[in-house]
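Summary of structural features
Okay, here's what each chain looks like letter by letter:
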Amino acid sequence: MRPDLDLKRPENARDPYPVYAWLRDHDPVHRSDSLDAWVVTRYADVLAVWNQPGVFSSDRFRDVRAAPESVRPDVRAVAAVLADWLVFRDPPDHTRLRGLLQKTFTPRQLEKNRPRIQAAIEALLDAQVARGEMDFVTDFAFPLPALVISMLLGAPAEDIESIKEWSDQLAVYLGGSVVAEDNFAEARTGVESLADYFRALLREKRRAPTDDLMGLMLRAEHEGHTLGEDEIVSNCVLLLFAGHETTTNLLANGLFLLLRHPDQLARLRADPGLAPSAVEELLRVESPVPSTLKIATEDVDLRGAAIRRGDRVLPILSSANRDPRQFPDADTLDLGRRPNRHLAFGWGIHFCLGAPLSRLEATLAFRSVLRRLPHLALASDAPRWRPWLFFRGLEELPLRWTLPE
Ligand code: HEM
C-alpha cells in the first residue's frame, strides 16, 4: 500500500524508513512538493549525485550573502558565515580550502589527542556511574563530542556551556526541523555569537601561537595558499558544529540500537575488538546525517526524472544505507557486516573531514560505556526521535543500571 509520502509530516520525519522503502521501489527519484526538492533514495543514484559535484552543487549560501536588500537581514547574516563553510563550497574554492584544512586535521593530531579523549569519556562516566540512571543524551552523548572538538580547536573548557547554547540555536535551522516555524532569528544569534567568539579567540592565538587546530589553521599553507581570517572563523564554526551535533547522534542512536538488539550487544560485550566494525554498522542503520542538500547547476536526467537547473536535490543517504540492492538484509543490524560501504559520511570530494575523529570517539566511548556499565537497560520503551530532516537523533535516551556486587 502506498504510504503518505509527505516527508514533512512529523510522523514521517520521525520514522521515514517505510516511505523510503516504498520510494526506492516505486519512485526512486521522487518530486516532493512539500520539500520543494527531488528526493533520491537508491544507493546507486545517491552515489551518482555525489559523483557529479559540478552538476549537483553544494554552494547554496553565497548567492544569498550577495543578495540585494530584499533578503531578510537575519537570513543574510546566517548566510554570511555559512557561505565560507567548506561543506558549502564547490571546486576550485573547495579544493583550496579542503587542502588547507586537511593539513591541520591530520591522523597525527588525532592520535596525539587520543589519551585526552579517553580521559574525557572516563570523567563523564565517573560523574554518572554511582547514580544508577542517566539520560544518555544530556549526560554523555551531548557533552562528550562538544568537549572533544572544543579541546581540539583550542577553546577553553569553561566556555563549553555558551558554545553549546549557540550551536543549538543554529542546529534547529540546519537540522531541518519540520515543526519549527521560523528559526532564522535564533540561527542568526547562534551563528553570530559563535563567529564573534572564535574571532576573539583567534586574536589571542595570533599573539601567542598554539599547537591546537586554530593555531595550525593560522599557520597552514598549501600550494602557495593560506587561510584568510573570515575563512578560519567560519570554518571553526563549521568544525565546532559538525564536530558535535553529528557525533552526539551516533553515540545515542548507536547505544539505543544496541540495547534494542540484545544478541548484537552480547556479541560486542564478548568481543570488544568488534567495536570499530560495530560503529560502521550503527552508522549505516541509523545514519546521524540522513541527507544533504544539493542544487542542480544544469538540466539533468536522473533515472528518468527531468531535474531542472536550480532545482533542489536531496541525496537521502539513510535510504541508500538501507537499500537491499546494495546491502543484503538491509534492515538487519549485523555488527560484523562485511563489506559495509555505507554512505553515512558522504562520498567523493565532500567526504566527511571528521570521520576519523567520530570513529575514534565512538569506538572508545562504546567500549568504556559497556565495560563500566555491565548491567545496562533502557528506562523507557519508546524514546522519541526528533522530527528533523537533516539530523537524526533522539530527544532523550533514559537508561538505568545496577552495579556488580
Ligand atoms: C557521526 C558523525 C558524523 C557524520 C555522520 C558526518 C557526516 C557528514 C556528511 C554526510 C558529510 C558530507 C556532506 C555533503 O556532501 O554535503 C560531512 C562533511 C563534513 N564533515 Fe562530517 N560527519 C560527522 C562528524 C564530523 C566531525 C566530528 C567533524 C569535524 C570535527 C566533521 C566535519 C565535516 C566537514 C568539515 C565536512 C565537509 C567536508 C567537505 O565539504 O569537504 N564531521 N560529514
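Details of the structure are given in the entry above.
Here's a quick rundown of the structure. (Residues numbered from 1 in each chain as written. Predicted model: local features only at pLDDT ≥ 70, side-chain atom pairs only at ≥ 80, totals over all residues.)

A closer look at helix α2 (residues 17–26)
Within the span of α2, buried status applies to Val19, Tyr20, Leu23 and Arg24. When α2 is viewed along its axis, its buried side chains cluster within an angular range of 135 degrees and face the same direction. In α2, those exposed residues whose orientation departs by more than 90 degrees from the buried face are Pro18, Asp25 and His26. The elements touched by buried residues of α2 are α1 (10–14), β1 (29–32), β2 (37–40) and α16 (317–320). (Buried ≥ 20, exposed ≤ 12 C-beta atoms within 10 Å, placed from the backbone. Helix = DSSP H or I, 4+ residues; strand = E, 2+ residues; numbered from the N terminus. Arc of directions from axis to C-beta. Contact = placed C-beta atoms within 7 Å.)

Quick word on the site of the ligand
In the vicinity of the ligand, 24 residues are found, and the nearest of them are Gly243, Thr292, Gly346, Cys352 and Gly354. The greatest single-element share of the shell around the ligand, amounting to 7 residues, is contributed by helix α13 (residues 229–260). Residue composition of the shell around the ligand, grouped by class: 14 nonpolar, 9 polar and 1 charged. (Near = placed C-beta within 6 Å. Nonpolar A, V, L, I, M, F, W, Y, C, P; charged D, E, K, R; others polar.)

Some details on the nonpolar core
Judged by nonpolar contacts, the single largest core of 107 residues is most densely connected at Leu144 and Val237. Among the elements that take part in this core, α13 stands out by supplying 15 residues, more than any other. The residues contacting Val237, other than those within four sequence positions of it, are Val81, Val191, Leu194, Ala195 and Phe198. (Core = buried A, V, L, I, M, F, W, Y, C linked by C-beta atoms within 7 Å.)

Re the sheet that holds strand β10 (residues 398–402)
Taking strand neighbours across the sheet as the criterion, the 3 strands line up as β4-β10-β9 in an open arrangement whose pairing is antiparallel. Only two strands of the sheet have a single neighbouring strand rather than two, namely β4 (133–135) and β9 (375–378). Pairwise comparison of adjacent strand axes, ignoring direction, gives a mean angle of 25 degrees for this sheet. Pairing of β4 with β10, which is carried by 3 bridges, proceeds in the antiparallel orientation. From the neighbouring strand, Asp135 faces β10, where its bridge partner is Pro398. (Pairing = 2+ DSSP bridges. Axes fitted to C-alpha atoms, helices over the stretch in contact; angles between N-to-C directions.)

What about the packing of helix α7 (residues 107–126) against helix α17 (residues 355–372)?
Where α7 meets α17, the axes come as close as 10 Å, and the angle between the chain directions of the two elements is 30 degrees. Considered as vectors, α7 and α17 are oriented roughly parallel to each other. The two elements α7 and α17 meet at a crossing, and its hand is right-handed. In this structure, α7 uses Pro107, Leu110, Arg114, Ile117, Gln118, Ile121, Glu122 and Leu125 to contact α17, whose residues at the interface are Pro356, Leu357, Leu360, Glu361, Leu364, Ala365, Ser368, Val369 and Arg372. (Parallel < 35°, antiparallel > 145°, perpendicular 65-115°, else oblique. Left-handed = near helix turned anticlockwise from the far one by under 90°.)

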